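Residue-level structural notes
One-letter residues, chain by chain:
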Amino acid sequence: MPSEDIKAPSRRSLLTAATAAVLLAGAVVGYGFMERAQSKQEVVQWTNSQAIPTVALAQPIPGGTHQTLTLPGNIQPFNRAAIFARVNGYVKSWDHDIGSPVKAGQVLATIDAPDLDQQLGQAKATLASVRANHQIASLTANRNNILLQKQIVAQQLADQTDADAKAKEAVVDANVANVRQLEAMQSFKALAAPFDGVVTARNVEIGMLINSGGSGQPLFEVSDLHRVRIFVQVPQSLTAGLVPGMKATFEMPQYPGVQFDATLSHTSKAMNANSHSMQVELQADNAAGKLFGGSYCNVHFEVPIDANLVKIPSTALITGNQGTQVATLDGNDKVVLKSVRLGRDLGDSVEVVAGLSPSDRIINSPPETLASGDAVRLAAATPPVSPPASGPKTSQH
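Reading guide: rules and limits
- Residues numbered from 1 in each chain as written.
- Predicted model: local features only at pLDDT ≥ 70, side-chain atom pairs only at ≥ 80, totals over all residues.
- Heavy atoms only, no water.
- Pairing = 2+ DSSP bridges.
- Helix = DSSP H or I, 4+ residues; strand = E, 2+ residues; numbered from the N terminus.
- Core = buried A, V, L, I, M, F, W, Y, C linked by side-chain atoms within 4.5 Å.
- Buried < 20%, exposed > 50% of the residue type's maximum accessible area, 1.4 Å probe, protein only.
- Contact = heavy atoms within 4.5 Å.
- pLDDT = per-residue confidence, 0-100.
- Salt bridge = Lys/Arg side-chain N within 4 Å of Asp/Glu carboxyl O.
- Phe/Tyr/Trp six-rings, centres within 6.5 Å; stacked < 30°, edge-to-face > 60°.
- Lys NZ or Arg CZ within 6 Å of the ring centre and 35° of its normal.
- Polar contact = N/O pair within 3.5 Å; in protein donor to acceptor, adjacent residues only side chain to side chain.
- Expected span 1.5 Å × (residues − 1).
- Axes fitted to C-alpha atoms, helices over the stretch in contact; angles between N-to-C directions.

The subject of this paragraph is the pairing of strand β15 (residues 317-320). Pairing of β15 with strand β16 (residues 323-329) involves 4 bridges; the strand directions are antiparallel. Along β16, the bridge assignment pairs G320 with G323. Between the end of β15 and the start of β16, which pair antiparallel, lie 2 residues.

So this is what it looks like as structure tokens:
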């Protein structure tokens, strides 16, 4: 193309182009300032939002009106008697071994007591002698009283013979009592069952030397097992809900899966100074004969729950210099730290017996820096999972 055909741009065109360039540059710079200002504001908002912690509330742990209290128990017979000898001698015979059922008054063993037999024979002979003396003294006194009326003997002699007769009568009474005592001792040569029951121990053999008294080992033991008593040591903190008449159940190792019924009959009304526990007694029927004295069992009580007791997750507890605390929220979503007193530790949950009410909103896993009065943000609640849709149900008759 010839050089003369190219025209130089006009001044007006250059001015327009320069103006457009300046405006474009200004727009770019303005947008940059606006972008930076918006970013700064977003950073401030993000920082402020991060300063307010987000917390989740602890889900309430459902409880019932009663809680199960399991404690070890010791089963004992309803009645138990240790049989000791009241006389010295040798075992002549025994009639019942361990496990034998016996009736009240049934003879368990017989003791041969020759020394006692001799004492009784001597006492009877002495009684016969003093009775003869008393008879002679009585005849003499009566005769002298008749002669006194006829003024044949003096008053002094009549009084002496009368007093002698009375003294010999007293000697007769004393010897009669001695004979009766020895006869009563003779009845103890037969060891008898004091009530209906079972022989649970026998410690005699024929010819064994027997010494009277309650020291040493009993000769027999008889247990009444138609009912049993169950003794349990209950910790002091759990005794408030135990009242006579309360129903309970218990299990024994030799009968796995079998539960027996029992009723709380007595409480000792006293605390053991060493273990700080109270002994209570339950009673259970033993018509089937499955329960034995000295057995171990686990007793389950259904104790009423205190209306103020709150059960919370263990993760909601705060432990520090202020003791054990729980973080709660007031009506304005402000933190309130409450000191609490704990009951039983159930592993993943604990019982709070004081310091909380069931209506408190409790923070779960609270941050360590949380303090009373802090504002918090509640995390969005997880919507419940809807059950899958099912087809039409068919009734079966």
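Having seen the structure, we can now continue with the description.
A few words on the nonpolar core. Ranked by size, the top nonpolar core spans 29 residues in total, and within it I83, L108, L191, L219 and F220 carry the most contacts. Elements represented by at least two residues in this core include exactly β2 (66-83), β5 (107-112), α2 (114-149), α3 (155-187) and β9 (220-235). When near neighbours in sequence (up to four residues on either side) are disregarded, L219 contacts I83, F84, A85, L191, A201, R202, N203, V204 and I210. Within the second largest apolar cluster, 27 residues are counted, among which are L69, A248, A262 and L264.

This part takes up the confidence of the model for the protein chain. Per-residue pLDDT for the protein chain averages 83, and the proportion of residues at 70 or more is 82%. The model gives residues 384-397 a pLDDT under 50, and that stretch makes 0 contacts with residues more than four places away or in other chains.

Before going further, it helps to examine the pattern of salt bridges. Inspection of the entire model under this criterion finds 8 salt bridges. Among the salt bridges present, the one from D162 reaches K166, with a minimum N-O distance of 3.7 Å. A residue pair is termed a helical-turn pair when its members lie 3 or 4 positions apart in one helix, as D162 and K166 do in helix α3 at 4 residues. Through salt bridges with shared partners, a single network forms among D97, R202 and E205.

We now examine the packing of aromatic side chains. In this structure the tally under the stated criterion is 2 aromatic pairs. Residues F250 and F260 carry aromatic rings whose centres are separated by 5.3 Å and whose planes lie at 25° to one another, so their mutual orientation is stacked. Taken together, the residues F250 in strand β10 (residues 247-251) and F260 in strand β11 (residues 260-271) connect sequence positions 10 residues apart. For the pair formed by F250 and F260, the shared burial category is buried. A ring pair is formed by Y255 and F260, whose centres lie 5.8 Å apart and whose planes are at 65°; its orientation type is edge-to-face. What links up through ring pairs into an aromatic cluster is the set F250, Y255 and F260. Directly above the ring of W94 sits R202, whose terminal nitrogen or CZ lies 4.0 Å from the centroid. Stacked on the ring of Y255, the Lys or Arg K290 has its end atom at 5.6 Å from the ring centre.

Right, let's get into the side chain of H96. Checked against the element boundaries, H96 lands in the loop between β3 (89-94) and β4 (101-102). Assessed through its relative accessible area of 13%, H96 is described here as buried. Here Q106 takes part through its side chain, which lies 3.2 Å from a polar atom of the side chain of H96. Excluding its chain neighbours within four sequence positions, the residues that come into contact with H96 are V102, Q106, V107, L108, V199, R202 and F220.

The two faces of the sheet receive side chains in turn, since in a regular strand these alternate between them. In this structure, β2 lies alongside strand β13 (residues 296-304), joined through 9 bridges in antiparallel fashion. Note on β13: the bridge partner recorded for Q67 is V303. With 10 bridges joining them, β2 and β9 adopt antiparallel strand pairing. Residue pairing for β9: I83 is matched across the bridge by F220.

Right, let's talk about the environment of H300 for a bit. Tracing the backbone through its elements, the reader meets H300 in strand β13. Taking the C-alpha atoms as reference points, H300 and E251, separated by 49 residues in sequence, lie 8.4 Å from one another. Those residues within four positions of H300 in sequence are excluded, and the remaining contacts are T68, L69, T70, A248, T249, E251 and Q259. A polar atom in the side chain of H300 sits 2.8 Å from the side chain of T70.

In spatial order, the strands read β6-β5-β3-β8; together these 4 strands make up an open sheet with antiparallel pairing. Each end of this open sheet is capped by a strand with a single partner; those strands are β6 (190-192) and β8 (209-210). Examined bridge by bridge, β5 and β6 share 3 bridges and lie antiparallel to one another. Bridge assignment links T110 to a residue of β6, and that residue is A190.

An ideal rise of 1.5 Å per residue puts 48 Å on 33 residues; α3 measures up with 49 Å between its terminal C-alpha atoms. The set of residues buried in α3 consists of A158, T161, A165, V172, N175, V176, V179, L182, M185 and Q186. For α3, the elements touching its buried residues are α2.

Moving on, we get to α2. With 36 residues, α2 ought to run about 52 Å at 1.5 Å a step, and its terminal C-alpha atoms sit 53 Å apart, in line with that. Among the residues of α2, L116, L120, A123, L127, V130, H134, A137, A141 and N144 are the ones counted as buried. Here the buried face of α2 lies against α3. At the exit of α2 stands Q151, carrying a positive phi of roughly 60°.

On to the sheet that holds strand β19 (residues 349-354). By definition, the strands of a sheet pair up through backbone hydrogen bonds, in either a parallel or an antiparallel sense. Taking strand neighbours across the sheet as the criterion, the 3 strands line up as β14-β19-β18 in an open arrangement whose pairing is antiparallel. Strand pairing shows two members of the sheet lacking a second neighbour, β14 (310-313) and β18 (341-345), which therefore form its edges. Pairwise comparison of adjacent strand axes, ignoring direction, gives a mean angle of 40° for this sheet. Pairing between β14 and β19: 4 bridges, direction antiparallel. Each residue of the ladder has a partner; that of K311, found in β19, is E351.

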